[in-house]
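# Descriptive analysis of the structure
Here is how the chains run, residue by residue.
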Amino acid sequence: QEKKIYLAGYLPVNEFSEVLMDKDGKKFREKINSGCFSRKLKSMGEKFPLLLINHDYKNQIQVESFEYEESDNRLRILFVLPLSIEVMDIVKYLGEAKLSFGFTVLKDVRLPKKRDIDGVDYERTVTDFSSLREISILKNKLPAYSQSKAFAGDEESVKRAVAKAELSERRKEIVRLQQLELDRY
């Protein structure tokens, strides 16, 4: 069986980004609505987003296949990459990396906020993409969505890393819910 490199990860759905700035200098936070990713990816047919480093089209990574699954709170992705020196050089220092994505908006909803109270001028909910051009592995850059994660390696090590990360997130959620319950008393 031919050896491959697997890049698995997830992007948040229905969770707000870090504070961003639009072209007019207004601060905002955005979230991607449920179904937004899967509708766009389904409409792309056999095509899939490019895999880049830091949104740089000169740093495109060769991909053999792409799979995805969207749930209530995340888009899970899996890129299968050829085992080559070029790809190995790119992923060998990743460990647990962050992801980002390049898109254009077809439809969104903007809710005004008070910057002095909320820290932002508005919140934007993206309900449909016009395009989903690329998914990027971020190296030495901060993501708009800090909740994103990426893991690279052989198939088994990536499966273990993803399972461990998801278990950790479930534990954090349980602790958060327990704290909410305690705070009620």
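Everything below is about the structure printed above this text.
For the structure given in this document, a descriptive report is provided here. (Residues numbered from 1 in each chain as written. Predicted model: local features only at pLDDT ≥ 70, side-chain atom pairs only at ≥ 80, totals over all residues. Heavy atoms only, no water.)

As a further point, take helix H1 (residues 36-43). Within the sequence span of H1, burial applies to Cys36, Phe37, Lys40 and Leu41. Burial along H1 is one-sided: seen end-on, the buried residues are contained in an arc of 115°. Facing away from the buried side of H1 by more than 90 degrees, the exposed set consists of Lys42 and Ser43. Just downstream of H1, Gly45 is the residue with a positive phi angle, here 65°. (Buried < 20%, exposed > 50% of the residue type's maximum accessible area, 1.4 Å probe, protein only. Helix = DSSP H or I, 4+ residues; strand = E, 2+ residues; numbered from the N terminus. Arc of directions from axis to C-beta.)

Another point: the side chain of Ser131. Checked against the element boundaries, Ser131 lands in strand E9 (residues 122-138). At a separation of 2.6 Å, a polar atom in the side chain of Ser131 contacts the side chain of Thr104. Those residues in contact with Ser131 that lie beyond four places of it in its chain are Lys40, Gly102, Phe103 and Thr104. (Polar contact = N/O pair within 3.5 Å; in protein donor to acceptor, adjacent residues only side chain to side chain. Contact = heavy atoms within 4.5 Å.)

The next point concerns the packing of aromatic side chains. On inspection of all chains with the given rule, the structure shows 10 aromatic pairs. Consider the rings of Phe28 and Tyr122, whose centres lie 5.1 Å apart with planes at 0°: the pair is stacked. One end of the pair, Phe28, is in strand E3 (residues 27-32); the other, Tyr122, is in strand E9, and 94 residues separate them in sequence. In terms of burial, Phe28 and Tyr122 fall into one category: buried. What links up through ring pairs into an aromatic cluster is the set Phe37, Phe101, Phe103, Phe129 and Tyr145. (Phe/Tyr/Trp six-rings, centres within 6.5 Å; stacked < 30°, edge-to-face > 60°.)

Once that is clear, we can look at the nonpolar core. In this structure, Ile32, Phe37, Phe79, Leu81 and Phe101 are the most contacted members of the largest nonpolar core, which totals 32 residues. Elements that contribute at least two residues to this core include exactly strand E1 (4-12), H1, strand E4 (50-53), strand E7 (74-82), helix H2 (85-91), strand E8 (96-112) and E9. With sequence-adjacent residues up to four places away left out, Phe37 is seen in contact with Leu11, Pro12, Val13, Ile32, Glu70, Leu75, Phe101, Phe129 and Leu132. By size, the runner-up hydrophobic cluster in this structure holds eight residues, among which are Tyr6, Tyr10, Val80 and Val158. (Core = buried A, V, L, I, M, F, W, Y, C linked by side-chain atoms within 4.5 Å.)

What follows is about the pattern of salt bridges. Opposite charge on two side chains lets them pair, provided their charged atoms get close. Applying the stated criterion across every chain yields a total of eight salt bridges. Where Glu64 meets Lys4, a salt bridge forms, and the shortest distance between an N and an O atom there is 2.6 Å. Placement of Glu64 in the loop between strand E5 (56-61) and strand E6 (65-70) and of Lys4 in strand E1 is noted, with a sequence separation of 60 residues between them. One continuous salt-bridge network, built from bridges that share partners, spans Glu30, Asp108, Arg110 and Arg124. (Salt bridge = Lys/Arg side-chain N within 4 Å of Asp/Glu carboxyl O.)

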